[in-house]
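Understanding the architecture of this molecule
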There are 2 protein chains.
Amino acid sequence: MTFKRVAIIGLGLLGGSIGLAVRDYLPGAITTGYDADPATRRRAAERGLVATVCETAAAAVRNADLVILCVPVGAMAAAGAEIAAALPLHALVSDVGSSKQAVAEALAVALPGHAVIPAHPVAGTERSGADAGFAALFQQRWCILTPPADADPAQVAALTDFWEALGAHVEIMEAAHHDRVLAVTSHLPHLIAYTIVGTASDLETVTQGEVIKYSAGGFRDFTRIAASDPVMWRDVFLTNKDAVLEMLQRFSEDLTALQRAIRVGDGDQLFDHFSRTRAIRRSIIEQGQDDARPDFGRSDHGDEKP
Amino acid sequence: MTFKRVAIIGLGLLGGSIGLAVRDYLPGAITTGYDADPATRRRAAERGLVATVCETAAAAVRNADLVILCVPVGAMAAAGAEIAAALPLHALVSDVGSSKQAVAEALAVALPGHAVIPAHPVAGTERSGADAGFAALFQQRWCILTPPADADPAQVAALTDFWEALGAHVEIMEAAHHDRVLAVTSHLPHLIAYTIVGTASDLETVTQGEVIKYSAGGFRDFTRIAASDPVMWRDVFLTNKDAVLEMLQRFSEDLTALQRAIRVGDGDQLFDHFSRTRAIRRSIIEQGQDDARPDFGRSDHGDEKP
């Protein structure tokens, strides 16, 4: 079982990247696509993000055997409703949303009787929109599938093959566990980054100009993920509330402990904590999930090292 | 007034980079250096971080007209005491520490009667040690000087010229203001990053293996700065306690507000906050303080963009 006609609803960073990746790595498949924004549809056509840009979501899915919803998590129910009438019975529906229990529930309601296997490629950049996508986005990244208990194994296998063809490693996981894992590896980091960037821009004693000027001391790292798409992230926090609040509680406890260590001048506790965290970065680099060059290799400085 | 003999005490990332930068960009000056760790001294000699590696700090400064202390902030007083007897009367003493009031006080006590102009080049990577330095570290980065009120203007000008020759932009600031600015642009981000990396590795419901595997969702950005030198950072928090605790208080208030917005499902507040933070990143990139390529350009993906 192989997908030959892939419909992509939503042509931003993720949808556009899937379209380009199918063109480059799955030449046997053809793509259709739709985006609610007319300007995005025009730009998608100019860039060739999909072979055919349609004027409605229904038209895009009419002949599809795989439909991938690439809209913010909060818009999944509406996107499902828009395609429900035109969706072929045999077509598999999937998505790329960052919270999976909420998506599964929304699509079960919007598309009763249709096969749905939610997916989450753990990949992205801080860019969004029709100009942001690129074919290699999923190379060496993980894509998590959260098939329901009654999913057809042949469809799970076909969706696995699809993502592997796009360059991803595929992992199967329960939706609830996915939501907890991503709460700590993605959602909490984004919330923290959004918070600190907001804090830094609201101070009375330090100007925003100074914050920008001296950002190379660490702050700039946070501004990258705090530049991510606001609608997407609003929806993530609204739909993965419980797991995010649980992780946030743990973070706050740990921060309070370090705050106290600073206040009482407990250098040993600070040193012990700061020593522990080095090992995790080493593992991330060993597993190919980040660049080993210092400073992410973003300056060319690292290249001058012997 | 130009420095011809530069002594560097401490040959890690910063000290080593200064030595290499003087060699490349100030060929008229000669360097001596010392590090308390014999292995670092050996490696410094192998890499040629300074022209002459000395066996004591006193020997390194004996003929110097500029001495730069590149040791953790908590070790400044001891480093000052070590060189006091051998330090030529006319020599200017400076440093590269990340908190400036504490350094000024420590060196005033350790080196009475000597000219001291503290400095802080806002540059670095997550690496440390004798292998970490490179000549271009200071290119396009800011270097903040915090001269005392009675500093000799000719010495301030000479130190400015020195850092500009190494590629930095120089800014003059009061030490107390420096400490507050850096608390928000550097110290708080490091504290937050150290905290979240610790939190993520201590969970019961999500394994450390999962955290590493799915780190590309945002978490990995924090692990880079949480891999920085633990001794250096312990000392920063112990010596810039008041400003760090003040900024941390503001951050905690803002985080609590976002936590509440998530809990009550206030999507508008989340959206408004997440929209505001994009502009700051744009300014940082416009001012050349970060890489404009998506994902810091660390994958090659960005290069495929049209």
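Starting from 1, residues in each chain are numbered consecutively following that chain's sequence as written. For naming, the first written chain is A and the first written ligand is 1, with later ones following in the order written. With pLDDT at 70 or above as the cut-off, local features in this predicted model cover only qualifying residues; side-chain atom pairs require 80 or more to be listed or tallied, and sums for whole chains, interfaces and linings still use all residues.

Strands are runs of DSSP state E lasting at least two residues, helices are runs of H or I lasting at least four, and both sets are numbered from the N terminus onward. The helix and strand inventory of chain A stands at 13 helices and nine strands. Counting only C-alpha atoms, chain A reaches 65 × 40 × 40 Å along its principal axes. Going through the 306 residues of chain A one by one, you find that 57% of them count as buried. By the convention adopted here, residues are in contact when the distance between their C-beta atoms, placed from the backbone, does not exceed 7 Å. Expressed as a percentage of contacts within chain A between residues at least 6 apart in sequence, the contacts between residues at least 24 apart total 72%. Residue burial here comes from a neighbour count, namely the number of other C-beta atoms, placed from the backbone, that lie within 10 Å of the residue's own C-beta, with 20 or more meaning buried, 12 or fewer meaning exposed, and in between meaning partly exposed.

Let us look at the packing of helix α5 (residues 100–110) of chain B against helix α7 (residues 175–200) of chain B. When two helices pack together, their arrangement is given by the angle between the helix axes and the distance between those axes. Residues and elements named next belong to chain B. The axes are straight lines fitted to the C-alpha atoms, using for helices just the contacting stretch, and the angles between their N-to-C directions are given from 0 to 180°. Two elements in contact, α5 and α7, have axes separated by 7 Å at closest approach and are oriented at 140°. Of the possible angle classes, the one that applies to α5 and α7 is oblique. On α7, the residues that touch Lys100, Gln101 and Ala104 of α5 are Ala175, Ala176, His178 and Asp179. To sort the angles, those under 35 degrees are grouped as roughly parallel, those over 145 as roughly antiparallel, those from 65 to 115 as roughly perpendicular, and the leftovers as oblique.

Let's shift gears to the relation of the copies chain B and chain A. The atoms used to superpose the copies are C-alpha atoms, taken from residues with pLDDT of at least 70 in both, and the fit is least squares. After a rotation of 180° and a shift along the axis of 0.0 Å, chain B superposes on chain A with an RMSD of 0.0 Å. On this basis, the relationship between the two copies can be described by a two-fold rotation axis. The fraction of interface residues of chain B whose copies in chain A are also interface residues reaches 100%, indicating that both copies meet through the same surface.

All names here are of chain A. Here strand β5 (residues 92–95) shows no split at all, with Leu92 and Ser94 on one side and Val93 and Asp95 on the other all buried. Read as a crossover between parallel neighbours, the route from strand β4 (residues 66–69) over helix α4 (residues 76–84) to β5 is right-handed. Relative to strand β6 (residues 115–116), β5 runs parallel, the two being bridged by two bridges. Paired with Leu92 across the strands is Ala115, a residue of β6. Assessed by its sense of winding, the connection that carries the chain from β5 through helix α5 (residues 101–110) to β6 is right-handed. We call a crossover right-handed when, viewed with both strands directed away from the observer, the connection leading from the first strand over the helix to the second proceeds clockwise. One requirement defines pairing of two strands: DSSP has to find at least two bridges between them.

Further remarks concern the domain arrangement of chain A. All names here are of chain A. Domain boundaries assigned for chain A yield domain 1 (5–173) and domain 2 (177–304). Domain ranges listed in this record stem from an automatic or a database domain assignment. One C-alpha centre belongs to domain 1, the other to domain 2, and the line joining them spans 29 Å. Taken together, the 15 residues of domain 1 in the interface contact 18 residues of domain 2. Only Asp, Glu, Lys and Arg are considered charged in this grouping, and only Ala, Val, Leu, Ile, Met, Phe, Trp, Tyr, Cys and Pro are considered nonpolar; every other residue, Gly among them, is considered polar. Here the residues of the side of domain 1 that touches domain 2 sort into five nonpolar, eight polar and two charged.

Right, let's talk about the sheet that holds strand β7 (residues 119–121) of chain A for a bit. Residue and element names in this part refer to chain A. The three strands are arranged β7-β8-β9 in an open sheet whose pairing can be described as mixed. Strands with a single pairing partner mark the edges of an open sheet, and in this sheet they are β7 and β9 (169–172). Shown here is a sheet whose adjacent strand axes are inclined to one another by a mean of 20°, direction ignored. In this structure, strand β8 (residues 142–145) lies alongside β9, joined through four bridges in parallel fashion. Counted as the bridge partner of Ile144 is Glu171 from β9. With respect to the sheet, helix α6 (residues 153–165) is in contact with β7, β8 and β9, its orientation differing from that of β8 by roughly 165°.

For the pair helix α10 (residues 230–239) of chain A and helix α12 (residues 267–276) of chain B, the least separation of the axes is 9 Å and the interaxial angle reads 140°. One element, α10 of chain A, and the other, α12 of chain B, form an angle in the oblique class. Remark: the crossing between α10 of chain A and α12 of chain B carries right-handed chirality. For the pair α10 of chain A and α12 of chain B, the contacting residues are Pro230, Val231, Trp233, Arg234, Phe237 and Leu238 of chain A in the first and Gly267, Leu270, Phe271, Phe274 and Ser275 of chain B in the second. With the far helix as reference, a near helix turned anticlockwise by less than a right angle produces a left-handed crossing, and one turned clockwise produces a right-handed crossing.

Okay, the nonpolar core next. Nonpolar cores are built from buried Ala, Val, Leu, Ile, Met, Phe, Trp, Tyr and Cys residues. These are joined into a set through C-beta atoms within 7 Å. Formed by 208 residues in total, the largest nonpolar core has its most connected members in Ile9, Val67 and Leu188 of chain A together with Ile9, Val67 and Leu188 of chain B. Contact partners of Val67 of chain A, with chain neighbours within four places excluded, come to Ala7, Ile9, Val61, Ile83, Leu87, Ala91 and Val93 of chain A.

Another aspect to go through is the environment of Asp242 of chain B. Residues and elements named next belong to chain B. Looking at where Asp242 falls in the secondary structure, it is placed in helix α11 (residues 241–264). Owing to 14 C-beta atoms within 10 Å, Asp242 belongs among the partly exposed residues under this scheme. The spacing of Asp242 and Ala59 is 183 residues in sequence and 37 Å in space, taken between C-alpha atoms.

Let us look at the environment of Phe271 of chain A. Tracing the sequence through the fold places Phe271 of chain A in helix α12 (residues 267–276). On a C-alpha basis, the gap between Phe271 of chain A and Val156 of chain A in space is 47 Å, while along the polypeptide they are 115 residues apart. If we ignore the near neighbours within four places in the chain, the residues touching Phe271 of chain A are Pro230, Val231 and Arg234 of chain B.

Moving on, we come to the interface of chain B and chain A. The partner chain A presents 97 residues to the 97 residues of chain B that form the contact. Of all the elements in the fold, those that place two or more residues in the side of chain B that touches chain A are α7, α8 (208–213), α9 (219–225), α10 (230–239), α11, α12 and α13 (278–286) of chain B. Residues belonging to the side of chain B that touches chain A are distributed by class as follows: 49 nonpolar, 24 polar and 24 charged.

Attention now goes to the sheet that holds strand β9 (residues 169–172) of chain B. All names here are of chain B. Reading across the sheet, the three strands line up as β7-β8-β9 and stay open at both edges, with mixed pairing between neighbours. Taken across any chain shown, the strands that pair with only one partner, and hence form the sheet edges, are β7 (119–121) and β9. Strand-to-strand twist in this sheet, taken as the mean axis angle between neighbours without regard to direction, amounts to 20°.

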